[in-house]
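# Observations on the model geometry
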Amino acid sequence: MTMLLDLITGYWWDARDLSNMTRPLYEFLRDQGVSDAGIFVISALLGTLAIISFVGAVAIINIWVERRVVGRMQSRLGPNRLGPFGLLQPIADAIKLMQKEVLQPASAPGWIYTVAPIAFTVPGIAILAVIPWGRNMVLANLDVGLLYILGLSSLAVLSVFMAGYSSNNKYSLFGAMRVIAMLVSYEIPIVAGLLGIVLFAGSMNLQEIVLFQEEHWAFMIMLQPLAFLIYFFSISAELNRTPADIAEAESEIVGGYHTEYSGMKFGLFYAAELINAVAVSAIIATLFLGGWWTYKLDEFIPGWMLLIGKIYGVYFIFVWTRGTLPRFRIDQLLAFAWKWLTPMALINVIVVAAEVLLWNETGWSDWFWIPAIIAINTALCVGLIVFFVKVFAPKFQRFPTRPRFYPGIDVPSLPAVTPPDFARKGGPA
Amino acid sequence: MHSPVLTLVLHLEEVLIVGAALFAIGLYVALSKRNAIGILMGIELMLNAVNITFLGFARMSVSEDPIQGHVFAVFVITVAAAEAAVALALAVAIYKHRETVNIDQIDLLRW
Amino acid sequence: MIEDNGIVIAFWILSATTIACALMTAAVRELVQAVLFLALTFVGAAGIYICLSADFVAVAQILIYAGAVSVLMTFAVMLTPAADRHNSETIFQAPALVLSGLLLAVIVFVVLDTDWAISDAGAFQTTAASLGEAFLKPYVVPFEVASVLLMVAMIGAIVLTRELEEDDDA
């Protein structure tokens, strides 16, 4: 017992890196004669426990955050009855979901129906294992961490298909097939966009990428603004969040792949959506926003707290897009991936490769190259977006005279409408 | 330090036998299934078995450059992806004409 | 030889799972379920690769096989709605069974009979970096050929599945 007290009190201040707090425990275990393999297993279990409890807490908190923030954005109150500011609402929701009967379509193949929500939740949790929370605070320091993330996030889509197929419901199957079409399209811009980061950092290890940003004193979002935008749009499509949530569009296909789910099985889908959003926010915070490193700030505030702050900053942007943007149609969404994001990502990769080559060959100092690359890539980002909008975007018409799509169909021209005089009140002309 | 009570050892032969078992299953699936997509599944299983064998050799056998096994495995995966895309496109194209993907009903070239 | 209890245990568990899932792929009667078992087989094989310290190949396997190829297969199954979804066998079932059994017996005999040259080099440290070097230095021609192959496969798939009616308009 005294040992435990020493353990806590002796190191209570050293919360900068939680690995410092566990090291005495491992040293104690080693003194007790536990073998290295045993210590390895114990540390892995501790780390897993930490990740899972973080995920559980985040899922509970984010139900409240999401509903409350979206409510505020849409001029509603959001949940405000249970507890102060409605803080206890998620717990009430969870209790309600657990009590509900889990209905299962009689004609569904049972094991697929049951496994689908579990298989949908696991990748989101497993992604968090490779996120570095501090200088020594990473559960799985994988050399291929970035590929691991990509692989796992592509697994989640198969489980969505399982859910949609096993529900034996046409709306579920519609949702599932939309997800698959979307995945096949959006995988390419995601991979090609992240390639720029790998080229800069020279590694797929997430810790190495954070250390690269620390060494060169620049967030990756400054070096790679285009990759950030591409990744952000593509991943919000993969997450099925609102600008791109055609897989579960309530007004079109009654909730899509989870139409037939109820009770805690639906609860798992709901929680997994929040967990995936947080996992993706963590990836964006690590890859683009410096992870646990924030200029000199991480010497005063523990890195993992900074990372959590960044995660919630990114998560807020996700909630923001959900609260404000309308939903794409599926043809718009797929066209956006193939005609806009993929060519942009490929141009980005070529430019980055040239920059990295010049950087390595010339041997000039970082003080020249980092600002130069920031300038070039920002100009590239703005220029490409302006170019694509000028050339490829459908022209905006306040009063459309003919349908934009299906150009082969002859539509009688609409009667001429006199535009109201907006300029009168000093509004937009 | 305590020495572990028992030491388990994995030999190259065991890896190769696992690969061989997977290959045999894949061969059976590829030879016996009626549906074209089922046959493709068997082929993918065989390619995976080959990859296990390659990586087992790369890990355990004597070689000047053991990364070669990994290089070959990556090429196998690449070719398998290309092959799956073309094969599935073929299945869909055949389906458009014949409303079936069962290979025993696709016999236009038989005689 | 790998002398690490954890890895050996993991290898055998993963091997059992992989082979069981492969058997289910052959045995299950519904095509979509067969595809799902196949995806599980791919994931299990990726686990085996990790046991053989091939982390890059393992993750590429999950990304390409489990994430893309099996999704493509479900897509193909769903795009052929009027076709028979029954994962049944042709009359060649018995010969196929005999042939694959014989093949397995032969390979096992050869594997056990051969005196393999075992190195004690140990696990790889960084496969991703050395793979990159290998691809861009000694294997650059096969690498380029593989990318051309992927390009050809993509164009071929598009041409094969294109709507034929479009030709009349153009």
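Residues numbered from 1 in each chain as written. Chains lettered and ligands numbered in written order. Predicted model: local features only at pLDDT ≥ 70, side-chain atom pairs only at ≥ 80, totals over all residues.

Attention now goes to the overall build of chain B. The secondary structure content of chain B amounts to 3 helices and 0 strands. The order of α-helices and β-strands along chain B, N terminus first, is α-α-α. For a compact globule of 111 residues, the expected C-alpha radius of gyration is about 13 Å, and chain B comes in at 20 Å, more than 25% above that figure. For chain B, with 111 residues in total, the buried portion stands at 56%. In chain B, the proportion of contacts linking residues at least 24 apart, taken out of those at least 6 apart, comes to 49%. (Helix = DSSP H or I, 4+ residues; strand = E, 2+ residues; numbered from the N terminus. Rg over C-alpha atoms; globule rule 2.2 N^0.38 Å. Buried ≥ 20, exposed ≤ 12 C-beta atoms within 10 Å, placed from the backbone. Contact = placed C-beta atoms within 7 Å.)

What follows covers the overall build of chain A. Looking only at helices and strands, chain A features 15 helices and 0 strands. Out of the 429 residues belonging to chain A, those deemed buried represent 39%. Expressed as a percentage of contacts within chain A between residues at least 6 apart in sequence, the contacts between residues at least 24 apart total 74%.

With that settled, the discussion passes to the interface of chain A and chain C. Facing the 22 residues of chain A at the interface are 22 residues of chain C. Looking at the side of chain A that touches chain C, the elements with two or more residues in it are α6 (145-166) and α7 (170-201) of chain A. If you tally residues by element for the side of chain A that touches chain C, the top one is α6(A), at 11 residues. Residue classes in the side of chain A that touches chain C are distributed as 19 nonpolar, 2 polar and 1 charged. (Nonpolar A, V, L, I, M, F, W, Y, C, P; charged D, E, K, R; others polar.)

So, about the interface of chain C and chain B. Taken together, the contact pairs 80 residues of chain C with 67 residues of chain B. Among the elements of the structure, α1 (5-27), α2 (31-51), α3 (55-79), α4 (93-113), α5 (127-136) and α6 (140-161) of chain C are those that each provide at least two residues to the side of chain C that touches chain B. Its residues placed into classes, the side of chain C that touches chain B shows 58 nonpolar, 19 polar and 3 charged.

Turning our attention to the environment of A:Q32. Residue and element names in this part refer to chain A. Along the chain, Q32 falls in the loop between α2 (18-31) and α3 (36-73). Its 8 C-beta neighbours within 10 Å are what place Q32 among the exposed residues. A sequence separation of 82 residues divides Q32 from T114, and the C-alpha atoms of the two residues are 44 Å apart.

This brings us to unusual backbone geometry. Phi at A:S75 takes a positive value of approximately 55°, unusual for a residue other than glycine. Among the secondary structure elements, A:S75 is positioned in the loop between α3 and α4 (89-99).

On to the nonpolar core, then. Among the nonpolar cores identified, the biggest contains 196 residues, and A:A176, A:I275, B:I37, B:L88 and C:M73 are the most heavily contacted of them. Among the elements that line this core, the one with the most residues is α3(C), at 17 residues. Inspection of this core shows a minimum of three residues originating in each of domain 1 (1-87) and domain 2 (124-163) of chain C. For C:M73, the contacting residues outside a window of four places in its chain are B:I37, B:L40, B:M41, B:L88 and C:V35. (Core = buried A, V, L, I, M, F, W, Y, C linked by C-beta atoms within 7 Å. Domains from an automatic or database assignment.)

Take the packing of helix α1 (residues 12-32) of chain B against helix α2 (residues 36-60) of chain B next. Residues and elements named next belong to chain B. For the pair α1 and α2, the least separation of the axes is 7 Å and the interaxial angle reads 170°. Here α1 lies roughly antiparallel to α2, going by the angle between them. α1 and α2 meet at a crossing whose hand is left-handed. Looking at the contact of α1 with α2, its residues break down into 19 nonpolar, 7 polar and no charged. (Axes fitted to C-alpha atoms, helices over the stretch in contact; angles between N-to-C directions. Parallel < 35°, antiparallel > 145°, perpendicular 65-115°, else oblique. Left-handed = near helix turned anticlockwise from the far one by under 90°.)

The next subject is the confidence of the model for chain B. Residue and element names in this part refer to chain B. Averaged over all residues, the pLDDT of chain B is 84; the fraction at 70 or higher stands at 94%. At the level of individual helices and strands, chain B shows its lowest average pLDDT in helix α3 (residues 67-98), which scores 86, and its highest in α1, which scores 90. Model confidence for the complex is summarised by a pTM of 0.84, with the ipTM given as 0.86. (pLDDT = per-residue confidence, 0-100.)

On to α5(C), then. Taken as a whole, α5(C) has its buried residues at C:T127, C:A128 and C:L131. Along the axis of α5(C), the buried positions cluster into a sector of 95°, meaning they face one direction only. Summarising the geometry of α5(C), the exposed residues directed more than 90 degrees from the buried face are C:E133 and C:L136. Buried residues along α5(C) sit in contact with α3 of chain B together with α3 of chain C. (Arc of directions from axis to C-beta.)

This part is about the confidence of the model for chain A. Across chain A, the average pLDDT comes to 80, with 86% of residues at or above 70. Here helix α1 (residues 2-10) of chain A stands out as the element of chain A with the lowest mean pLDDT, 57, in contrast to helix α10 (residues 225-238) of chain A, whose mean of 88 is the highest.

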